[in-house]
Amino acid sequence: MLLAETLEWLAIRPDGLYIDATVGLGGHAIEIARRLGAGGRLVGMDRDASALEIARGRLEEFKDKVTLVHASFSQIGEVFAERMLPPADGVLADLGVSSMQLDVGERGFSFRACGPLDMRMDQDAAPSETTTADEIVNTAEEKELANLLYHFGEERDSRRIARNIVRARPIRDTEHLANVVAGSRTKRGRQKLHPATKTFLALRIAVNREMEELGQFLSRVPATLSHGGRWVVLSYHSLEDRPVKQAFQRLSREGTLRILTKKVIQASDTEIAANPRARSAKMRVAEKIVPDQHGRPDEEAWPE
């Protein structure tokens, strides 16, 4: 998503160090690697081992300057420490779910294909460290389930949906869940989204502790950036975009960042026509600055 815009705002230097904290299938990483010279380096991270293996194959021609790490983007600080990396010239995070995760029914992310209620991004994680959508849907108390759908999916029919899910237990698979949810929704004019969209989003966020992971990532990135290093974040719904915006604003007030995008950058009509999923993409960009000896930011670093 927003590939051309991402490359423009990263302002890639051939000898720079860049971090793709959510490498996915390697779409952004390939184009970053293409722009690196002999002294440049790209570190790609992802919690999804299956996606990482696909990215490894696609990035084979750049293996001399690309390192791939199986780790969540929230672990960016640990990756820097373990590998003794210097401050980065750019950090990218694309918070969206990859096309592979959505399109492969066995992963359980999509209501458009029948599959198990899994939704884990890291399927290699120990059972004690993870949960599945099946566990939440079939064991959570009705009130807990309703609150989850309301807070993580912003689902206005959360109570009715939760009540019907509990009544329909055991929920067998993604198709069964989607049908139960669709039968619970109140029709409000023309429906642009599938009735189960918000429910599946909420469950995915809960299963993968996405808001917690995002919070940790936002707090750790500034320490990994060099002076002038660019930080690019792509988000796809308000629950993601809001904390990114707030973190950028707070760090700007503290004199740590200069916000480069006064308004969010969104996909062009041409990109949306080619890839409808890009419609919800929002990009925010900031740059690391250094306060003066009194703790104030450089005057030139403040947004106009």
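Placed above this text is the structure.
Calculation criteria
Residues numbered from 1 in each chain as written. Predicted model: local features only at pLDDT ≥ 70, side-chain atom pairs only at ≥ 80, totals over all residues. Heavy atoms only, no water. Helix = DSSP H or I, 4+ residues; strand = E, 2+ residues; numbered from the N terminus. Rg over C-alpha atoms; globule rule 2.2 N^0.38 Å. Buried < 20%, exposed > 50% of the residue type's maximum accessible area, 1.4 Å probe, protein only. Contact = heavy atoms within 4.5 Å. Areas by Shrake-Rupley, 256 points an atom, 1.4 Å probe, with all protein chains shown as cover. Lys, Arg positive; Asp, Glu negative; His and termini not counted. Charge placed at Lys NZ, Arg CZ, Asp CG, Glu CD. Polar contact = N/O pair within 3.5 Å; in protein donor to acceptor, adjacent residues only side chain to side chain. Axes fitted to C-alpha atoms, helices over the stretch in contact; angles between N-to-C directions. Parallel < 35°, antiparallel > 145°, perpendicular 65-115°, else oblique. Nonpolar A, V, L, I, M, F, W, Y, C, P; charged D, E, K, R; others polar. Left-handed = near helix turned anticlockwise from the far one by under 90°. Salt bridge = Lys/Arg side-chain N within 4 Å of Asp/Glu carboxyl O.

### Quick notes on the overall build of the chain
A count of helical and extended segments in the chain gives 13 helices and 8 strands. The C-alpha radius of gyration of the chain comes to 20 Å, within 12% of the 19 Å expected for a compact globule of 304 residues. Here the chain holds 304 residues, and the buried ones make up 53% of them. Counted over contacts in the chain with a minimum sequence separation of 6, partners at least 24 positions apart contribute 70%. Carbon together with sulfur atoms contributes 48% to the accessible area of the chain, which is approximately 15200 Å² in total. Each charge sign in the chain was given a centre, from 44 positive and 45 negative side chains, and these centres are 7 Å apart.

### A closer look at the side chain of Glu287
By the element assignment, Glu287 lies in strand 8 (residues 282-288). Within the structure, the side chain of Glu287 is placed 3.0 Å from the side chain of Arg230, a separation counted as a polar contact. A polar contact is formed between the side chain of Glu287 and the side chain of Arg258, at a distance of 2.7 Å. Other than its neighbours up to four places away in sequence, Glu287 contacts Gly228, Gly229, Arg230, Thr256, Leu257, Arg258 and Leu260.

### So, unusual backbone geometry
The peptide bond linking Arg169 to Pro170 adopts the cis configuration, its omega dihedral lying at 0 degrees. Relative to the helices and strands, Pro170 resides in the loop between helix 8 (158-168) and helix 9 (174-182). In the Ramachandran plot, Leu2 falls in the positive-phi region, its phi being about 45 degrees despite a non-glycine side chain. By the secondary structure assignment, Leu2 is in the segment before helix 1 (3-10). Notably, Met84 is not glycine yet its phi reads approximately 50 degrees, a positive angle. Take Met84: it is sitting in the loop between helix 4 (76-83) and strand 4 (88-94). With a relative accessible area of 73%, Met84 lands in the exposed category.

### Some points on the packing of helix 9 against helix 10 (residues 197-207)
Helix 10 packs onto helix 9 with a crossing angle of 130 degrees between their chain directions and a minimal axis gap of 9 Å. By the criterion of interaxial angle, the relationship of helix 9 to helix 10 is oblique. Within the contact between the two elements, helix 9 uses Thr174, Leu177, Ala178 and Val181 and helix 10 uses Thr199, Phe200 and Leu203. Taken together, the residues of the contact of helix 9 with helix 10 break down into 5 nonpolar, 2 polar and no charged.

### Section: helix 2 (residues 27-34)
Along helix 2, 6 of the 8 residues are buried, which leaves the element largely enclosed by surrounding structure. Of all the residues in helix 2, the buried ones are His28, Ala29, Ile30, Glu31, Ile32 and Ala33.

### Brief notes about the packing of helix 7 (residues 142-153) against helix 8
One way to put it is that helix 7 packs onto helix 8 with a least axis distance of 8 Å and a crossing angle of 135 degrees. In terms of orientation, helix 7 and helix 8 fall into the oblique class. As for how helix 7 packs across helix 8, the hand of that crossing is right-handed. Facing helix 7, whose interface residues are Glu142, Leu145, Ala146, Leu149 and Tyr150, helix 8 presents Ser158, Arg159, Ile161, Ala162, Arg163, Ile165 and Val166.

### A few points about the environment of Ala55
As for its placement among the helices and strands, Ala55 is situated in helix 3 (residues 49-58). Sequence-wise, Ala55 and Met211 are 156 residues apart; in three dimensions their C-alpha atoms are separated by 25 Å. Look past the residues within four positions of Ala55 in its chain and what remains in contact with it is Gly24, Leu25, Gly26 and Leu68.

### Describing the pattern of salt bridges
Going through the model one piece at a time under the given rule, you end up with 20 salt bridges. One salt bridge in this structure joins Glu60 and Lys63, with 3.2 Å as the shortest N-O distance. Of the residues examined, Lys63 reaches a relative accessible area of 55% and is grouped as exposed. Residue Arg242 pairs with Glu154 through a salt bridge whose shortest N-O separation is 3.7 Å. Taken together, the positions of Arg242 in helix 12 (residues 238-253) and Glu154 in the loop between helix 7 and helix 8 put the pair 88 residues apart, joining distant regions of the chain. Take Arg242: its relative accessible area is 39%, and that puts it in the partly exposed class. Judged by its relative accessible area of 35%, Glu154 is partly exposed.

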